[in-house]
Structure formats: C-alpha cells, structure tokens
Amino acid sequence: MAVSHCFSRAASAFTAVLLFSFGCVAASHIEDQAEQFFRSGHTNNWAVLVCTSRFWFNYRHVANTLSVYRSVKRLGIPDSHIVLMLADDMACNPRNPKPATVFSHKNMELNVYGDDVEVDYRSYEVTVENFLRVLTGRIPPSTPRSKRLLSDDRSNILIYMTGHGGNGFLKFQDSEEITNIELADAFEQMWQKRRYNELLFIIDTCQGASMYERFYSPNIMALASSQVGEDSLSHQPDPAIGVHLMDRYTFYVLEFLEEINPASQTNMNDLFQVCPKSLCVSTPGHRTDLFQRDPKNVLITDFFGSVRKVEITTETINLQQDSEIMESSYKEDQMDEELMEPLKYAEQLPVAQIIHQHFEDSFPLCSALHSF
Amino acid sequence: MGLLSDPVRRRALARLVLRLNAPLCVLSYLAGIAWFLALAFPPLTQRTYMSENAMGSTMVEEQFAGGDRARAFARDFAAHRRKSGALPVAWLERTMRSVGLEVYTQSFSRKLPFPDETHERYMVSGTNVYGILRAPRAASTESLVLTVPCGSDSTNSQAVGLLLALAAHFRGQIYWAKDIIFLVTEYDLLGTEAWLEAYHDVNVTGMQSSPLQGRAGAIQAAVALELSSDMVTSLDVAVEGLNGQLPNLDLLNLFQTFCQKGGLLCTLQGKLQPQDWTSLDGPLQGLQMLLLMVLRQASGRPHGSHGLFLRYRVEALTLRGINSFRQYKYDLVAVGKALEGMFRKLNHLLERLHQSFFLYLLPALSRFVSIGLYMPAAGFLLLVLGLKALELWMQLHEAGVGLEEPRGSPGPSAQGVGLASLVAPLLISQAMGLALYVLPVLGQHVAAQHFPVAEAEAVVLTLLAIYAAGLALPHNTHRVVSTQAPDRGWMALKLVALIYLALQLGCIALTNFSLGFLLAATMVPTAALAKPHGSRTLYAALLVLTSPAATLFGSLFLWRELQEAPLSLAEGWQLFLAALAQGVLEHHTYGALLFPLLSLGLYPCWLLFWNVLFWK
C-alpha cells in the first residue's frame, strides 16, 4: 500500500516536473510568438494612390491605380484609410464604349472600377500642392476627413504613383511636375512629424527609379518599374476600347497581388521578382538601404493589407525586462527625465565665431589681439 | 573704313559682282532646279509618321457590316434622283430621320458670272441636306463631317448609300465624343461652299444661302467621299485644296494607316505607290508624283469638296473610289470600315490637328518633304533676280557717277527725268492688268452681241485678246516715254521690274510654293536676260514662251504627259480655253486667287519686261 502510494506520488511528481518543463518550453514558445507579434511595429495601414495623367489615351494610368486600389481594399484597408487621387474620369468619359467600367485586361475579365469606388481627389484636384499637403498633413481645417492622411507613428503607408515621368520628375496633369527632391523632402517632413512607421513607395512611370534616388529618411522601401534611361511600356491595347489598358509592371503586380490573401506569408523579396526584364522589357528596380528590417521578413500584407494581429493564448506571458518593448519604454522614461532640465537653444547667428573667423583670416599675425 | 563705305573697295566689290554675275546667276538657277528635282530622293524625303498622340498607335476594331443596306440606299437614291431630276430632298430627309439623325436642309442660289460650259450651269439654286448625330454623353462643342457632293454629272449615289449606312451604324454606338454631321450637297462644290459659309456665318463669295437651322459646334475634321460604283479597286486620296492649301499631314497619315490595316489599295494622284526606295525606280516614280502634286497645287483649284473646308482651317480629305480593270475588288463594307476607323480615331482628338506639318509635298503616300527642305529651291531661283538687280543697281550707279563727274549739277535732274520715265510704263502695264481682270466678265454681253459666240467663249476670247494686245504696247506707247539717257532708262525699268517680280514670287512662294516655284522656274531666266540689245526676235520669242499664259498652256501638257494621257495640240488648245474659263469662274465662285494673281500681278510685271525688250 505504501509502495503504491509512494509510486503514485513519484509519478505525480514526475508528471508535474514534465508538465513544468513543458510549460517552460511552452512559455518560451509563447514568448517567441509574442516577440513575433510586435516585430513589425505597425498598428494601422494607410494607402495613398495617385494617378497623375488625364486624357483618354492615358486610360492605362487610371487602370493601374484602380487595380492597386482594388487589391488594397480586398486585403482589408478600408476606404477611410485610402486616399485615392485620379486625375481624370475614364469610366464616364464619353469615349468609353463600356461606360462605368475600367478594364485591366483586353478580354475584359477584370473591371477594376468595381461597385464601390471612393475617389478622394478627382480631376483637377490632383495637383502637386494637394499631394504634398496630403503627405505632410498641412491641410486647411475645412478639408473633409476623407481627403486627409491621418496617419501616426505606428502607421505603415503604401504610396503608389503612376503617370508620365522622366529623369527626376513626375508630370502632373500636363501642367506641372513634382521632382524627386521635393518628394524626398516631403517624406522627411513626414518622418520628423512622426507620420509613418514604415513607408512603401511604388512608382510606375518612365525612368521611375530616378524618383527614389533622393530619399534620405529612414524606414522607406521603394520599387520602380524602370531604371533611369528606360521607358516603362504599356501592356496590351484593346481593339474594342481603342486604348492601352494597363502598364506592364502594374499588370504583373496585379497578377501577383491577386494570389495574396490576408493570411499570406509572402514577403517583399517575392515582390521584387515580379516582372523580370523578359516580361517587362524595362528593368524594375528597388531600394531597401533605408529600411531597417530585412525585406524577407517584411510581409506583403504589412503594406498592402490591414491585417489585425490576433493571437489567442491561455498562457500568461511575462514580458521580460530585456524585451524590445520594455527597452523603448525605458528609453522614453529616460527622455522624460532629461526634459526636466531647462532647455537651451543653439545660437542662431554665432556672431562671435563669424567675427573671429574673419579676423583670423585677414590678420593672421594679430591672433593674440582677439578677446571677445 | 568699312567695306561698303570705302569708295575704293566698293568699286572693287562692284567690279567683282559685275564680273561674276552671269556665272553666279546660272549656277543659282541650276542649283534651284536641281534641288527641286532632288526632293523626291531619300535624304530630302522622309517617311511619314503619326504625330498626334491622341490618335495614338492603338487600332480599333471596325464593326461596320452594312454593305447590303448601303447598296439598297444607293439604289433608292438613284431611282428617286432619276425621277425628280434634282436631289431628292424629301426622300433624303425621310431616310436620315429614319436612321436616327437630326435632319436639316439649307437652300442656296447663285448666278454665275457667265455660263459654265464644263458643268453646264448658269443660274444655280439647290438644297443641301444634312443630318447631325449628337454625341450621347458629351456637350456638342465639336464635330466631324462626312460629306458626299452630288452633282448632275456624277450622281455619287453609291457614296450617298454608304453615308446613310454608316450613319445608321454610328447611331448605334455610344462612344462618340463629338457630333457627326452627314452632309449631302447639291451642285457639288457650290453647295459645299454655301453650307460652309452659312455654318461659319460669313459671306466670302457672294452666294445667297439661307441660314442654317441646326449647328453642331466647331468642325475638327471632314472627309469627302466620291464613289462611282459599289465595287472599287482602289481608293484615291486628294489633298490639294483651294489656293494650294493643304490639310494637316496627320489626316493623311491616318488614312494611310487604315489603308494598310484593311489591306486596301490606296493611291495618290491616281498612281500606285512606289515600293522600291533603295534603287532609282522608287525615287523616279516619286518625282513623277511630286510633279503632279506641284501642278495641282499650283493651279489653286479645290480638287474636291475638301478644298473648300481648308479655308476655315478644317482639315479635310477627299476619298475617291476608283473602279478600274484590276482583278481584286473591295466592296462597300471595306470602304465603310476604313471610314469607321478614321472617324473613331478622330473621335479621340482633344484639340484640332496641329502636331504635324501644314506645308509639305508628297512624293508618295508614305513619304513627305517638309517646307524647311523644299524652300531653298525657290530661294535659289529668286536669288538670280536679286543678283541681277544688284548688278543693274551697280551699273546704274557707276553710269550715274560717270555722268555726274563731268556734269555736276544736271545729274539730279537727269535722275528725276529717269524716274518720271518709269512711271508711265508702270502705270500702263498695271492698267492693262486691270483691264485683263475686269473687262472679260464685264464686257461679255457686249462681245456676245457683236460676235457669234456664247458668253463663256466671249469671256475667254476677250481674255486672250487683251493679253495679246499687251504685246503691242511698247510700239504704241514709247512716244509717251521720254528718251533721255536711253541706256539708263531701260536699266532703271528693268531694275524696278526685277524687284517687283521678286517680291511677288517671294510672297506667292510662301503661301503656295508650287505656284511660286513654277512661275519662277519659267519667268526668272527670261526676266534676267531681257535687254534691248542683241537678237530681239529670239528674246521676244523666249519671253512670250515664258509668259504666264504660256506657262499655263505648257503645264497642261506636262500634267497630261505625267498622267500618261498625252494631249495633241488641238486637244491642248481646247483644254487651255476651258482652263481659262474655269480659272475666272472659280475666282468668282470660290475666291480662287490664281486669276487675280496672274492678271493683276504677274502679267503687268511681264509686260514691263516686254517693254524693256522693246526699249528704243
């Protein structure tokens, strides 16, 4: 009797030890998952989709933008978080033989105009000024909410631009241009105002790579449809509608995105492979040096979708002292302490230094005389 | 001291110019002619290309299939026309309305200055019928025109049938962004002119036309169609318009792309396109077509309804279906598809056609010569006149200097007399020109009363009579002209005549290069050579042979020669008389400028040279 009792106690102790060890392992697994949970650092997604050219023969640029809009909506970003700028109305153009549709493929398989399109900036409202105001947030108070980019420092923003471009500029509506320097400065303003966590910039124009050459703000990844000196080509003409329906690069990006669903684990490296030179004729380019994470860890849905991260666990998670989140909050505490000290402003015009410099340059022998 | 202000150097320069003048003139003239002949050859001729981005590179699929309907309409139209003898207006109105257009009519009337023997018209009154297809979703701010001119000699009923069938097809489409006007005119060009004047609310030619009830916005482009039968072997395109104006080259490029797409045989000047541009054959055929185009452009006639549209800066073409003895024929569906494609592409336009050339020459349908490359030919020819004038000026100046030195003060008075002696010949030749312009039409009734000729013949014969009378001038009027310092008198007159000719030819060459070049090529050598000394009969014969009337006569022969239907002398003379009558008529009915230019401008100038030749 005592032996069975002893045996059962040993067995229960053994199982308790086993369970405990399993629990430890499981707990560390949960912690890994928790680490993964916070790895991308963003909590909301925005998209700014811009088509800059008007006129019927630029049908393909509107189709490009609408196809990205369609994918982005399908993957979960709501209209309230999309700023769609279309410079002309192709669906209701009198020359459109299929009114209220914009097709992306010549057999008219895919109507990217769809049933509910919310165009925020339409027709002549698509200007360089409006675009920059949207990005930087310097918008007059009367602007309706749907026309604002209300992003914060935990937003991942997708910016897609298409139209006619050249080496270092993108043409808006036949009357003005935005240069790559202006765009880079706008992104820097966004960074300084903490308006994004990470930014994905895609451009489909001729010589598109020139537009991302000047970026200097962190956490930006950029893709372009062609290198400097190359033209981006259009995909297919449609003899029934009478125009080219889409550009090649965006056509293959759309094909790629149609395979993505909100649970996909496809990463950015796959997007970089879309449309090789054999299909696109131009050479697509990308830039990742400003981006802190490795592109192979960046999911497509980090930018193109709005994926709510939900992990159900019955375990308690002990967020350790050395985890990332605690570190950043720790740093914030330190910064708060620093702020308690009185602020000191740098001298706007260092008069003393200027005069000293001048004096030194003109009277090199009299260096002993200065006593300011 | 500068080159021109130093008298010693100036005299040296003058001597140099005087010595080298003759070889330079000959060289310049030959360079001009050679440059012109070289225009058909590859470095100077380029391939055509579509410049307008909106008309782009994409092709649209044509869906026109109304060939049977077109033939049925054509049969009905021909039957009604035979019955009524004139344009069946009521039938046209009914049919257009049944097809779905907004139909309007316009009546017009005109009394021609004298009866037109070629078309057998004198007092003309007719009705134009036009239907407007409104763009379904656009404001009616712009329009395109498809016009079929119907005359009594060419009923053009197949074209009317095709127009109605196309209208029915177009009415079923929703992609029109511009209104389309389907216009059927009576008395072909007269009706077209009446409609255009009423549409643009102007009165340029004295036509009485009723105002238009229906309008459709600014016309962007027009196509005129002439079909002689329902099966065609080729489509011929005519581009030369009134006073040598040409449509924008993009319209021709558009036509040519649809020719290639539909596999249609398209011709220019009625000739097949030269295929082989690498060897000598292609350029030589191109030269033949270039010369034909130059002759047609120089005549300044509207070679089809399109020629009248050009004045209002509406780009227009005339397409003629030719039925010849070839094996492969195209039916109305093929022609209809080409027209449908053209109109669909023109529908994409956002602005008027302005990207491509307005001034060009065509050695072939797919090759063109731009104005920058052909203008030097005219420049070289006019340089001869400039050089000769310079030589005369220097001779006059030297002679004047030579005379002044011993005499001193009577110099100015001698010069004054010289100028006065010029005024008389100038006034008299200009008066002859005015008589040539005004008298034939004014005096036709008087002439018809006194001589047994019809009015048209009277006009032409009066024209020729006044022209010939001008030849007798120098013998009759030289008494009026004073004969002091005879050498300087004729030189001064020749100088003025040379400058006058150069100015006129320069201005003409700018707007109508072909006319300017043709006249320069014939008149410049004899004008440069005319002088009272030497063999007078030879120079007189040369001058008569290169007078404007003789140039017209010669170019008729050249034109028929190039078309491989050469004329005999008698036929040529008849054609010449007909051409004179047409020239005067077209000036009065459409505002063609060849007749006033020749009679008021070039004929007096030529008379001045005649005066110089017979200076005593």
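Because the structure is a prediction, the values reported are computed rather than measured.

Here we come to the UniProt feature "transmembrane region" (unreviewed entry) in chain B. All names here are of chain B. Taking the UniProt record as the reference, the feature "transmembrane region" (unreviewed entry) is found at residues 20-41, 357-385, 417-438, 458-474, 495-518, 538-559, 566-585 and 591-614. Annotated as 94% helix and 0% strand, the span residues 458-474 places its first and last C-alpha atoms 26 Å apart. Secondary structure over residues 591-614 splits into 83% helix and 0% strand, and the C-alpha atoms at its two ends are 36 Å apart.

Turning to the state of the cysteines, a few remarks are in order. What makes a disulfide is a covalent bond joining the sulfur atoms belonging to two cysteines. For the structure on display, the rule yields 2 disulfides over all chains. Note on cysteine connectivity: Cys 275 of chain A is disulfide-linked to Cys 280 of chain A, with sulfurs 1.6 Å apart. The sign of the 95° torsion about the S-S bond sets the Cys 275 of chain A-Cys 280 of chain A disulfide as right-handed. This pair shows no difference in class: Cys 275 of chain A is buried, exactly as Cys 280 of chain A is. The disulfide bridge from Cys 259 of chain B ends at Cys 266 of chain B, spanning 1.7 Å between sulfur atoms.

This part covers the UniProt feature "active site" (unreviewed entry) in chain A. Residue and element names in this part refer to chain A. As recorded in UniProt, the feature "active site" (unreviewed entry) lies at His 164 and Cys 206. Taken along the chain, the residues just named run across 43 residues; in space they keep tight, none of their C-alpha pairs more than 6.4 Å apart. Here His 164 shows up in strand β5 (residues 164-166). Those residues in contact with His 164, other than ones at most four positions away along the chain, are Thr 52, Ser 53, Asn 58, Arg 60, His 61, Leu 170, Lys 171 and Thr 205.

Another point: the interface of chain B and chain A. The interface of chain B with chain A comprises 19 residues on the first partner and 18 residues on the second. Taking both partners together, chain B and chain A bury about 1400 Å²; carbon and sulfur atoms supply 57% of that area. At the junction of chain B and chain A, the tally comes to 0 salt bridges. The interface formed by chain B and chain A includes 8 residue pairs in polar contact (both at pLDDT 80 or more). Within the side of chain B that touches chain A, the residues separate by chemical class into 10 nonpolar, 5 polar and 4 charged.

Let's shift gears to helix α13 (residues 455-471) of chain B. Taking 1.5 Å as the rise per residue, α13 of chain B with 17 residues should run 24 Å; its terminal C-alpha atoms sit 25 Å apart, in good agreement. Looking only at α13 of chain B, the buried set comprises Ala 456, Ala 458, Val 459, Val 460, Thr 462, Leu 463, Ile 466, Tyr 467 and Gly 470 of chain B.

All right, on to the sheet that holds strand β6 (residues 169-172) of chain A then. Residues and elements named next belong to chain A. If you walk across this open sheet you meet the 3 strands as β5-β6-β7, and the pairing is antiparallel. Each edge of the open sheet is held by one strand with a lone partner, namely β5 and β7 (176-179). Between one strand axis and the next, the sheet turns by 30° as a mean value, whatever way the strands run. Bridge count for β5 against β6 is 3 bridges, and the pairing is antiparallel. Residue pairing across strands places His 164 opposite Lys 171, the latter belonging to β6.

As a further point, take the domain arrangement of chain B. Residue and element names in this part refer to chain B. As far as domains go, chain B holds domain 1 (58-365) and domain 2 (385-401 + 419-614). Computed from C-alpha coordinates alone, the two centres of domain 1 and domain 2 are separated by 37 Å. With 33 residues of domain 1 at the interface, the matching set in domain 2 holds 30 residues. Here domain 1 and domain 2 share an interface that buries about 2700 Å² over both sides, 62% of which is from carbon and sulfur atoms. Where Glu 564 meets Lys 271, a salt bridge forms, and the shortest distance between an N and an O atom there is 3.7 Å. Counting the contacts that link domain 1 with domain 2 gives 14 residue pairs in polar contact (both at pLDDT 80 or more). Broken down by secondary-structure element, the contributors of at least two residues to the side of domain 1 that touches domain 2 are β2 (102-116), α5 (188-200) and α7 (281-299). Considering every element that reaches the side of domain 1 that touches domain 2, the biggest residue donor is α7, with 9 residues. Of the residues assigned to the side of domain 1 that touches domain 2, the class counts are 16 nonpolar, 9 polar and 8 charged.

Residues and elements named next belong to chain B. Strand order in this open sheet of 3 strands is β1-β12-β11, and the pairing throughout is antiparallel. Two strands bound the open sheet, and with one partner strand each, they are β1 (46-47) and β11 (360-364). As judged from the 3 bridges shared by β11 and strand β12 (residues 367-370), these two strands associate in the antiparallel manner. When the sheet's bridge partners are listed, Leu 361 is paired in β12 with Val 369.

Moving on to a nonpolar patch on the surface. Residue and element names in this part refer to chain A. A surface patch of nonpolar side chains, amounting to about 360 Å² of accessible area, comprises Leu 349, Val 351, Ile 354 and Ile 355. The topology assignment puts Ile 354 in helix α10 (residues 351-362). Under the relative-accessibility criterion, Ile 354 is labelled partly exposed at 48%.

Another point: a negative patch on the surface. A surface patch of negative charge is lined by Glu 117, Glu 120, Asp 153 and Glu 457 of chain B. By the element assignment, Glu 117 of chain B lies in the loop between β2 and β3 (121-133).

Another point: the pairing of strand β4 (residues 155-162) of chain A. Burial analysis of β4 of chain A places 8 of its 8 residues in the buried class, the great majority of the element. Residues Ser 155, Ile 157, Ile 159 and Met 161 of chain A point to one face of β4 of chain A and Asn 156, Leu 158, Tyr 160 and Thr 162 of chain A to the other, with burial holding for every one of them.

Residue and element names in this part refer to chain B. Alignment of β2 against β3, held across 11 bridges, turns out to be antiparallel. Residue pairing for β3: Val 103 is matched across the bridge by Gly 131. The hairpin turn running from β2 into β3, its antiparallel successor, is 4 residues long, and Glu 120 in that turn takes a positive phi close to 55°. Of the pairings in the sheet, the one linking β3 to strand β5 (residues 179-186) comprises 5 bridges and is antiparallel in character. Among the inter-strand pairings, Val 129 is bridged to a residue of β5, identified as Val 184.

Here the focus is the environment of Ala 338 of chain B. Residue and element names in this part refer to chain B. Topologically, Ala 338 is positioned in helix α9 (residues 332-347). For Ala 338, a relative accessible area of 9% corresponds to the buried category. With 41 residues separating them in the primary sequence, Ala 338 and Gly 379 have C-alpha atoms 40 Å apart. Sequence-distant contacts of Ala 338, that is, excluding residues within four places in its chain, are made with Phe 258 and Leu 264.

Analysis parameters
Counting restarts for each chain: residues are numbered from 1 in the order of the written sequence. The lettering of chains begins at A and the numbering of ligands begins at 1, in the order of writing. Only residues with pLDDT of 70 or above have their local features reported here, since the model is predicted, and side-chain atom pairs are shown and tallied only from 80 upward, although totals for entire chains, interfaces and linings are computed over all residues. With hydrogens and water set aside, each side-chain value is computed from the structure's full complement of heavy atoms. UniProt positions are given in the numbering used here, feature names are shortened, and annotations may be inferred rather than shown by experiment. To qualify as a helix, a DSSP run of H or I must reach at least 4 residues; to qualify as a strand, a run of E must reach at least 2; elements of each kind are numbered from the N terminus. Working definition: a disulfide is two cysteine sulfur atoms within 2.5 Å of each other. Burial classes: relative accessible area under 20% of the type maximum marks a residue as buried, over 50% as exposed, and values in between as partly exposed (1.4 Å probe, protein chains only). Residues are treated as being in contact if the distance between any of their heavy atoms lies within 4.5 Å. The term buried area denotes the loss of accessible surface (1.4 Å probe radius) that occurs when two parts are joined, taken as the sum for both partners. For this analysis, a salt bridge means a side-chain nitrogen from Lys or Arg found within 4 Å of a carboxyl oxygen belonging to Asp or Glu. Pairing of N or O atoms within 3.5 Å defines a polar contact, subject to two protein rules: one partner must be a possible hydrogen donor and the other a possible acceptor, and residues neighboring in sequence count only if both atoms are side-chain atoms. Throughout, the ten residues Ala, Val, Leu, Ile, Met, Phe, Trp, Tyr, Cys and Pro are labelled nonpolar, Asp, Glu, Lys and Arg are labelled charged, and all others, Gly among them, are labelled polar. Each helix should span, by expectation, one fewer than its residue count multiplied by 1.5 Å. Note: two strands are recorded as paired if DSSP finds a minimum of 2 bridges between them. To get an axis, a line is fitted to the C-alpha atoms, and for a helix only the part in contact is used. The angle between two axes follows their N-to-C directions and goes from 0 to 180 degrees. An automatic or database domain assignment provides the domain bounds reported here. Residues enter patches when their relative accessible area tops 30% and they take part in no salt bridge; the joining distance is 9 Å for like charges and 5 Å for the nonpolar side chains Val, Leu, Ile, Met, Phe, Trp and Tyr. Each accessible area is a Shrake-Rupley estimate made with a 1.4 Å probe; only the visible protein chains count as cover when residues are assessed. Only four residue types enter the charge count: Lys and Arg as positive, Asp and Glu as negative, with His and the chain ends excluded. Throughout, a charge is located at the NZ atom of Lys, the CZ atom of Arg, the CG atom of Asp or the CD atom of Glu.

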